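# Fold and contact review
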Amino acid sequence: MGAEGHADGTVGKALDVLDMVARHGRPVRFSDLLAQADYPKATLYRLLQTLTHQGMLTLDPDQGTYALGVRLVRLAHAAWAQSSLAPIARPYLDELAEKTGETIHLAQMDLGQVLYVDKRNAAKPVEMFAQAGKVGPAYCTGVGKAMMAWLSPEALEQVIARQSFLRHTDQTLDTPEKLVAELQAIRARGHAFDREEHEQGIICCAVPILSRSGRVLGALSVTSTTARTTLEALEGQAGLIKDIAAKIAAEAESWRFPEQN
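On a plain count of helices and strands, the chain comes out with eleven helices and nine strands. Here the contacts in the chain between residues at least 6 apart in sequence split such that 59% fall between residues at least 24 apart. Of the roughly 13100 Å² that the chain leaves accessible, carbon and sulfur atoms contribute 53%.

As a further point, take the sheet that holds strand 6 (residues 135-136). Strand order in the open sheet formed by six strands is 6-5-4-9-8-7, and the pairing between neighbours is antiparallel. What marks the edges here is a single partner per strand, and that holds for strand 6 and strand 7 (192-195). Of the strands in this sheet, strand 8 (202-210) and strand 9 (216-225) are in contact with helix 11 (residues 238-252), which crosses strand 8 at around 35°.

The subject of this paragraph is the pattern of salt bridges. A full pass over the atoms with the stated rule returns ten salt bridges. Note that E95 is salt-bridged to K247, the shortest N-O span being 3.2 Å. In this pair, E95 is assigned in helix 6 (residues 86-100) and K247 in helix 11, connecting sequence segments 152 residues apart. The salt bridge involving K178 is made with D174; its shortest N-O contact spans 2.9 Å. You can call D174 partly exposed: its relative accessible area is 22%. Put simply, K145, E182, R195 and E197 are held in one network by salt bridges that share partners.

Once that is clear, we can look at the pairing of strand 7. Two elements, strand 7 and strand 8, share four bridges in a ladder whose sense is antiparallel. Residue pairing for strand 8: D194 is matched across the bridge by C204. Connecting strand 7 to the antiparallel partner strand 8 that follows it, the hairpin turn spans six residues, and E196 within it adopts a positive phi of roughly 60°.

So, on to the sheet that holds strand 1 (residues 28-29). Pairing within the open sheet is antiparallel, and its three strands lie in the order 1-3-2. Two strands bound the open sheet, and with one partner strand each, they are strand 1 and strand 2 (57-60). Taken together, the two bridges between strand 1 and strand 3 (residues 65-68) define a ladder with antiparallel strand orientation. The residue of strand 3 that forms the bridge with R29 is T65. Along the sheet, helix 2 (residues 9-24) makes contact with strand 1, strand 2 and strand 3, crossing strand 3 at roughly 95°.

Our next topic: the packing of aromatic side chains. Tallied over the entire structure, the rule returns two aromatic pairs. With a centroid separation of 6.2 Å and 75° between ring planes, the pair formed by F30 and Y45 is classed as edge-to-face. Of this pair, F30 sits in helix 3 (residues 30-36) while Y45 sits in helix 4 (residues 41-53), and the two are 15 residues apart along the sequence. Its relative accessible area of 17% is what places F30 among the buried residues. Judged by centre distance (5.1 Å) and plane angle (45°), the rings of Y139 and F165 are tilted. You can see Y139 sitting in the loop between strand 6 and helix 7 (142-148) and its partner F165 sitting in the loop between helix 8 (153-161) and helix 9 (176-189), a full 26 residues away along the chain.

The subject of this paragraph is the confidence of the model for the chain. In this model, the chain carries an average pLDDT of 89, and 88% of its residues clear a pLDDT of 70 or more. Note on residues 1-5: pLDDT is under 50 here. Beyond four places in sequence and across chains, it has twelve contacts.

It is worth spelling out the pairing of strand 2 at this point. Across four bridges, the pairing between strand 2 and strand 3 is antiparallel. Across the sheet, D60 pairs through a bridge with T65, a residue of strand 3. Hairpin connection, strand 2 to strand 3: the antiparallel pair is bridged by four residues, and G64 has positive phi, about 65°.

The rules behind each value
- Residues numbered from 1 in each chain as written.
- Predicted model: local features only at pLDDT ≥ 70, side-chain atom pairs only at ≥ 80, totals over all residues.
- Heavy atoms only, no water.
- Helix = DSSP H or I, 4+ residues; strand = E, 2+ residues; numbered from the N terminus.
- Contact = heavy atoms within 4.5 Å.
- Areas by Shrake-Rupley, 256 points an atom, 1.4 Å probe, with all protein chains shown as cover.
- Pairing = 2+ DSSP bridges.
- Axes fitted to C-alpha atoms, helices over the stretch in contact; angles between N-to-C directions.
- Salt bridge = Lys/Arg side-chain N within 4 Å of Asp/Glu carboxyl O.
- Buried < 20%, exposed > 50% of the residue type's maximum accessible area, 1.4 Å probe, protein only.
- Phe/Tyr/Trp six-rings, centres within 6.5 Å; stacked < 30°, edge-to-face > 60°.
- pLDDT = per-residue confidence, 0-100.

Printed below as a string of structure tokens:
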């Protein structure tokens, strides 16, 4: 919870409460929210009442639990249509999936983390973390590093400050210094890898999707497993991935996207 929410006044506090409810992933009681909130009981109750009246939360009077409201679903659909690359990228993801036979991920940056906005499964699907709508870490995913490598120094500093640097596998880059060195290599190479850094056995080759001015719009990856292929083989697809990313970027030029950081 934080300082950012407090600095933004009542609106920031209300968004903090929405985030708290969302993080539980299930209906949650007032007492559970109060235990983790740093707001007084009366303030939290007032915020929950307002959010419920506005349809952002729902209250189950029998269970005494709060859950995310239907109004948020409508807003999410509108945001997806207006700010997501997914609607315009759809045919290009289909093309890339058909040509590679592997899993395709389309992602954008959201508050320093990776938001997966679309996905195509491999011809032989593989179970993995990344799914459309999920949020993942930027510092240990191919798409995350591909986007970070092309951020401005100021934006990159902010994004790095938001990383947890938890070690998910033995390959995870677990310090800012290791990550910065990797981002420099990615920028020079033109594409990023996930070397089993987030999930054991999962590898990928990823490229950024950039506007004509060089602004980061998102990232695109071809993902597979170490049981099926190698990083060298995936790197052989880098040219194709870049071509598809360029097509998506060209389509996106007529759209207005928020800054990705």
